[in-house]
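# Summary of the model geometry
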Amino acid sequence: DVQLQASGGGLVQAGGSLRLSCEASGFISDDYGIGWFRQAPGKGRERVSLTVSSKGYTVYADSVKGRFTISSDNAKKAAYLQMNSLKPEDTAVYYCAVALRGNYYWGQGTLVTVSS
């Protein structure tokens, strides 16, 4: 049973920064993806960033490239999302996710609100 605990959301003004954290547990494999998705009200879930450290692979949504940076700690099975130069359109519930053997596992979500 994969479990994820996310934290770090909050209210920040446009141009500010925020750092999200996610800790995963309940699985053994080191070959997995971990990252963040977000969902704004009335919109679909969007992949923000995902990293597979064992493959040296990292991907970002076009909308956050150059502003967000994902990092991971394989020993802790943790991921962090440093969000800089935040924009009001970044406002959403952010979900940590693990991709493992063809399945996605989701955290509870943490709300990020960026004021204009």
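Scroll up to find the structure.
Okay, so let's go over this structure. Computed from a prediction, not measured in an experiment: that's the story for all the values here. (Residues numbered from 1 in each chain as written. Predicted model: local features only at pLDDT ≥ 70, side-chain atom pairs only at ≥ 80, totals over all residues. Heavy atoms only, no water.)

## Quick look at the packing of aromatic side chains
The line we're drawing: In this scheme Phe, Tyr and Trp rings, the latter by its six-membered ring, pair at centre separations within 6.5 Å, and the angle between planes marks the pair as stacked below 30 degrees, edge-to-face above 60, and tilted otherwise. The secondary structure listing takes helices from DSSP runs of H or I that are at least 4 residues long and strands from runs of E that are at least 2 residues long, numbered from the N terminus. Here the term buried applies to any residue with accessible area under 20% of the maximum for its type, exposed to any over 50%, and partly exposed to those in between, with areas from a 1.4 Å probe on protein chains only.
Tallying each qualifying case throughout the model produces 4 aromatic pairs. Ring geometry for F37 versus Y104: centroids 5.6 Å apart, planes at 85°, classification edge-to-face. In this pair, F37 sits in strand 4 (residues 33-39) while Y104 sits in strand 10 (residues 103-106), placing the two residues 67 residues apart along the sequence. Classification of F37 as buried rests on a relative accessible area of 10%. Y104 gets classed as partly exposed once you look at its relative accessible area, which sits at 39%.

## Brief notes about unusual backbone geometry
Backbone geometry at K77 places phi at a positive 50°, although glycine is not the residue there. According to the relative accessible area criterion, K77 is buried, its value standing at 12%. A positive phi angle is found at S85, which is not glycine, with a value near 50°. Within the fold, S85 resides in the loop between strand 8 (78-83) and strand 9 (92-100).

## A closer look at the pairing of strand 1 (residues 3-7)
Stated precisely, the cut-off is as follows: Only strands that DSSP links by at least two bridges are regarded as paired with each other.
Side chains L4 and A6 of strand 1 all project onto a buried face; the interleaved residues Q3, Q5 and S7 project onto a face where none is buried. Bridging between strand 1 and strand 3 (residues 18-25) involves 5 bridges; their strand directions are antiparallel. Looking at the pairing, S7 lines up with S21 of strand 3.

## A closer look at the sheet that holds strand 8
Let me state the cut-off plainly: Fitted lines through C-alpha atoms serve as axes, helices being fitted only where they are in contact, and the angles separating the N-to-C directions of these axes extend from 0 to 180 degrees.
Here we have 4 strands laid out as an open sheet, ordered 1-3-8-7, and antiparallel in their pairing. Each edge of the open sheet is held by one strand with a lone partner, namely strand 1 and strand 7 (68-73). Pairwise comparison of adjacent strand axes, ignoring direction, gives a mean angle of 15° for this sheet.

## Looking at empty space enclosed by the protein
Going by this rule: Each cavity reported here is a set of points on a 1 Å grid over the protein atoms alone in which a 1.4 Å probe fits but cannot get out, each pocket an open set with protein on both sides within 12 Å along at least five of seven lines, and each lining residue one with an atom within 4 Å of a point. Grid points are joined across faces, edges and corners, and a volume is the space filled by probe spheres set on the points. Gly is placed with the polar residues, together with every amino acid not listed as nonpolar (Ala, Val, Leu, Ile, Met, Phe, Trp, Tyr, Cys and Pro) or charged (Asp, Glu, Lys and Arg).
The final tally for this structure, using the stated rule, is 1 cavity of 30 Å³ or more. Counted as a void, the largest cavity has a volume near 30 Å³. In this structure, the largest cavity is lined by Y32, I34, T51, S53, S72 and N74. A breakdown of the residues in the lining of the largest cavity according to their chemical character gives 2 nonpolar, 4 polar and no charged.

## Observations regarding the side chain of S29
Let me state the cut-off plainly: Polar contact is the term for a pair of N or O atoms within 3.5 Å; when the atoms are in protein, one must be able to donate a hydrogen and the other to accept it, and sequence-neighboring residues count only if both atoms are side-chain atoms. Whether two residues are in contact is decided by their heavy atoms: any pair within 4.5 Å suffices.
Positionally, S29 belongs in the loop between strand 3 and strand 4. Among the polar contacts listed, one links the side chain of S29 to the backbone nitrogen of D31, at a separation of 2.9 Å. For S29, the contacting residues outside a window of four places in its chain are K77 and L100.

## Let's talk about the pattern of salt bridges
To keep it simple, the criterion reads: Any Lys or Arg side-chain nitrogen found within 4 Å of a carboxyl oxygen on Asp or Glu counts as a salt bridge.
Counted by the stated rule, this structure contains 5 salt bridges. D62 is the salt-bridge partner of K65, the closest N and O atoms lying 2.9 Å from each other. Counted as one network, the salt bridges with shared partners bring together R38, E46, R67 and D90.

Function-wise, these values are silent; they only describe arrangement.
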